[in-house]
Amino acid sequence: MPDVEILMAGAYPEWDMVDLEATYRVHRLWEAADRQALISKVGSNIRAIATRGELGASADLMKQLPKLEIVSCYGVGTDAIDLSYARAKGIRVTNTPDVLTEDVADIAIGLLLSTARQIPQADVFVRTGQWGNVPMPLVTRVSGKKVGIVGMGRIGKAIAKRTAAFGCDISYFARNRDQDVAYGYEANLVALANWADFLIVIVPGGAATMKIINAEVLEALGPEGMLINVSRGTTVDEEALIAALQNRTIQAAGLDVFLNEPKIDARFLTLPNVVLQPHHGSGTIETRKAMGKLVRDNLAAHFADRALPTPVV
Ligand SMILES: NC(=O)C1=CN([C@@H]2O[C@H](COP(=O)(O)OP(=O)(O)OC[C@H]3O[C@@H](n4cnc5c(N)ncnc54)[C@H](O)[C@@H]3O)[C@@H](O)[C@H]2O)C=CC1
Ligand SMILES: O=C(O)C(=O)COP(=O)(O)O
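Residues numbered from 1 in each chain as written. Chains lettered and ligands numbered in written order. Predicted model: local features only at pLDDT ≥ 70, side-chain atom pairs only at ≥ 80, totals over all residues. Heavy atoms only, no water.

(A) Molecular detail of empty space enclosed by the protein. Across all of its chains, the model carries one cavity of 30 Å³ or more by this definition. One number sums up the size of the largest cavity: a volume of about 40 Å³. Asn229, Gly233, Val236, Glu238, Leu241, Leu255, Val257 and Phe268 are the residues that line the largest cavity. Here the residues of the lining of the largest cavity sort into five nonpolar, two polar and one charged. (1 Å grid on protein atoms, 1.4 Å probe; cavity = no way out; pocket = protein on both sides within 12 Å on 5 of 7 lines; lining within 4 Å. Points joined across faces, edges and corners; volume = space filled by probe spheres on them. Nonpolar A, V, L, I, M, F, W, Y, C, P; charged D, E, K, R; others polar.)

If you want it as structure tokens, here you go:
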């Protein structure tokens, strides 16, 4: 029986579970009928948490694990992990940057094309026999348009590269100007939205970016404008977004992320001018395999006293 005990907050694909269970004594929190009872029973032995982006690790959970050394997150966004608690207690935190960048950028472009060209709506149009009876409504061009990118990190840059190939003009908003990129920097998000035809959001979630896409930004984006969100649900004021979609203050939105996933606001399901994705930006076999390997590599490095491949804390 492997002697290092780890707590898994949620399921990983089978190929990761097989490897993890061969290496560690794994406790499956998500399968416990009484989670608190499981934590009370095994909490004092747990040395690592393997979690997922949306499940994170709260201070409340970490407090109950006195031997906790490391939290390894299957995902790049660590907004659901209490990093200040981890830092204060000397608990290491790792994530899975880079390996998912290209796929998340691809889904941003997929959502942009789907939203502007109404690909899902056109699919329904064909399937329901409307083709030939009524004209398919004309849609909006993507190529050559102005794209505002909110967040110019690893994924923001990959999105920029793709939209550049569409001949789009690119400008971005971020905490700081990035000296390594030649795109226009706009320090004022409302001004960026006012300029852009399409606004693509790819900043981290958390308190600092809470509702940065608010009613004023949406109004500046305007009735022809479209919002694509592949960041976190928290970055958008959803009440303001739903109102803007209902009133056509903006034209349409393409969304991979929401508040309260997977039980999202039911009004999204009734809006014709929104394209929905189930938080699946990194959801390819190739990327998920690479993410799982990076989680395992981080845990292995930690328990072998080697440098962590992708440390956050
Ligand atoms: N939809 C999905 O499936 C996925 C979503 N994500 C989300 O994408 C986020 C970004 O990932 P990466 O590009 O790898 O991160 P990164 O750290 O490389 O880039 C983040 C960018 O946001 C900017 N930023 C950070 N805080 C800011 C603030 N308070 N105000 C303005 N700009 C700010 C940074 O300056 C940087 O340009 C993740 O944190 C995660 O939330 C990531 C992977 C998959
Ligand atoms: O890496 C991240 O931060 C993610 O959002 C990944 O989420 P997912 O694994 O696609 O549910």
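(B) Main features of the site of ligand 1. The environment of ligand 1 is made up of 25 residues, and the closest members are Met152, Arg154, Ile155, Val230 and Asp256. The backbone of isoleucine 155 places a nitrogen or oxygen atom 2.9 Å from an oxygen atom of ligand 1. Calculation on ligand 1 without its partners gives an accessible area of 870 Å², and the protein chains cover 87% of this total. (Near = heavy atom within 4 Å. Polar contact = N/O pair within 3.5 Å; in protein donor to acceptor, adjacent residues only side chain to side chain. Areas by Shrake-Rupley, 256 points an atom, 1.4 Å probe, with all protein chains shown as cover.)

(C) Region of the structure containing the UniProt feature "domain: D-isomer specific 2-hydroxyacid dehydrogenase NAD-binding" (unreviewed entry) in the chain. Taken from the UniProt record, the annotation "domain: D-isomer specific 2-hydroxyacid dehydrogenase NAD-binding" (unreviewed entry) applies to residues 109–281. Annotated as 34% helix and 16% strand, the span residues 109–281 places its first and last C-alpha atoms 11 Å apart. (UniProt positions renumbered as here; feature names shortened; annotations may be inferred. Helix = DSSP H or I, 4+ residues; strand = E, 2+ residues; numbered from the N terminus.)

(D) Broad picture of the sheet that holds strand E6 (residues 146–150). With parallel pairing, the seven strands of this open sheet are ordered in space as E8-E7-E6-E9-E10-E11-E12. For this open sheet the edge positions go to strand E8 (184–185) and strand E12 (274–276), each flanked by a neighbour on one side alone. As paired strands, strand E7 (residues 169–173) and E8 are joined by two bridges and run parallel to one another. Residue tyrosine 172 lies in a different strand from E8, and its bridge partner there is tyrosine 185. Packing of helix H7 (residues 154–165) onto the sheet brings it into contact with E6, E7 and strand E9 (198–201), and relative to E6 it is tilted by some 175 degrees. Contacts from helix H10 (residues 238–247) reach strand E10 (226–229), strand E11 (252–255) and E12 within the one sheet, and its direction differs from that of E11 by about 135 degrees. (Pairing = 2+ DSSP bridges. Contact = heavy atoms within 4.5 Å. Axes fitted to C-alpha atoms, helices over the stretch in contact; angles between N-to-C directions.)

(E) Structural view of the UniProt feature "domain: D-isomer specific 2-hydroxyacid dehydrogenase catalytic" (unreviewed entry) in the chain. On the UniProt side, "domain: D-isomer specific 2-hydroxyacid dehydrogenase catalytic" (unreviewed entry) is annotated at positions that read residues 26–312 here. A distance of 23 Å separates the end C-alpha atoms of residues 26–312, which is 37% helix and 16% strand.

(F) Main features of the site of ligand 2. The full set of residues close to ligand 2 is Gly75, Val76, Gly77, Leu100, Arg232, His279, Ser282, Arg288 and Met291. Arginine 232 is positioned such that a nitrogen or oxygen atom in its side chain is 2.6 Å from an oxygen atom of ligand 2. Here histidine 279 contributes a side-chain N or O atom positioned 2.8 Å from an oxygen atom of ligand 2. Taking 310 Å² as the accessible area of ligand 2 by itself, protein coverage stands at 87%. In terms of residue class, the shell around ligand 2 is made up of three nonpolar, four polar and two charged.

(G) Region of interest: the nonpolar core. Grouped together as the largest cluster of nonpolar side chains are 46 residues, with contacts concentrated most on Ile6, Met8, Tyr12, Leu20, Ile149, Ile159 and Leu299. Sorting elements by how many residues they give to this core places helix H5 (residues 101–117) first, with seven residues. A domain split of this core shows at least three residues from each of domain 1 (5–97 + 286–303) and domain 2 (101–276). In terms of nonpolar packing, the next biggest core, distinct from the first, is built from 30 residues, Ala196, Ile213, Leu255 and Leu271 among them. (Core = buried A, V, L, I, M, F, W, Y, C linked by side-chain atoms within 4.5 Å. Buried < 20%, exposed > 50% of the residue type's maximum accessible area, 1.4 Å probe, protein only. Domains from an automatic or database assignment.)

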